[in-house]
Amino acid sequence: MSVTVRIPTILRTYTGGQAEVAAEGATLGDVIADLEKNHTGIAARVLDDQGKLRRFVNVYVNDDDVRFEQGLETVTPDGAGVSIIPAVAGG
């Protein structure tokens, strides 16, 4: 399945400055693996050492937060939009 991944500014160094990139995969885990294949280093910013989503990175498939779906096993239908959103802290 082909999806469009929206890349936050902080990760655009891995995508040559592109705000959106195409990726392939039936699940979010597949999509991240495809991103890594084409944009080396990006997966380490999204996944922790155990291969799970980092605690302070929010990922949405269409408008659904994958933490409330199936995490990396969340289905990514053809044409879906995937958004990677790093948490922002401050005070």
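This text follows the structure it describes.
Figured I'd write up the structure that's included with this text. A quick note: this is a predicted structure, and the numbers were derived from the prediction, not measured.

Bringing unusual backbone geometry into the picture now. For asparagine 62, which is not glycine, the phi dihedral falls at a positive 55°. Accessibility expressed as a relative area gives 37% for asparagine 62, which makes it partly exposed.

Note that serine 83 resides in strand β5 (residues 81-86). Serine 83 sits in the buried class, given a relative accessible area of 11%. A polar atom in the side chain of serine 83 sits 3.1 Å from the side chain of arginine 6. The residues contacting serine 83, other than those within four sequence positions of it, are Arg6, Asn58, Val59 and Tyr60.

The biggest cluster of nonpolar side chains holds 22 residues, and the ones touching the most others in it are Val5, Val46, Leu53 and Ile84. At the level of secondary structure, the elements contributing two or more residues to this core comprise β1 (2-6), β2 (20-24), α1 (28-38), α2 (42-46), β3 (57-61) and β5. Residue contributions to this core peak at four residues, all from α1. Apart from the residues lying within four places of it in its own chain, the contact partners of valine 5 are Ala19, Glu20, Val21, Ala23, Val31, Leu35, Val82 and Ile84.

Quick notes on the rules
- Residues numbered from 1 in each chain as written.
- Predicted model: local features only at pLDDT ≥ 70, side-chain atom pairs only at ≥ 80, totals over all residues.
- Heavy atoms only, no water.
- Buried < 20%, exposed > 50% of the residue type's maximum accessible area, 1.4 Å probe, protein only.
- Helix = DSSP H or I, 4+ residues; strand = E, 2+ residues; numbered from the N terminus.
- Polar contact = N/O pair within 3.5 Å; in protein donor to acceptor, adjacent residues only side chain to side chain.
- Contact = heavy atoms within 4.5 Å.
- Core = buried A, V, L, I, M, F, W, Y, C linked by side-chain atoms within 4.5 Å.

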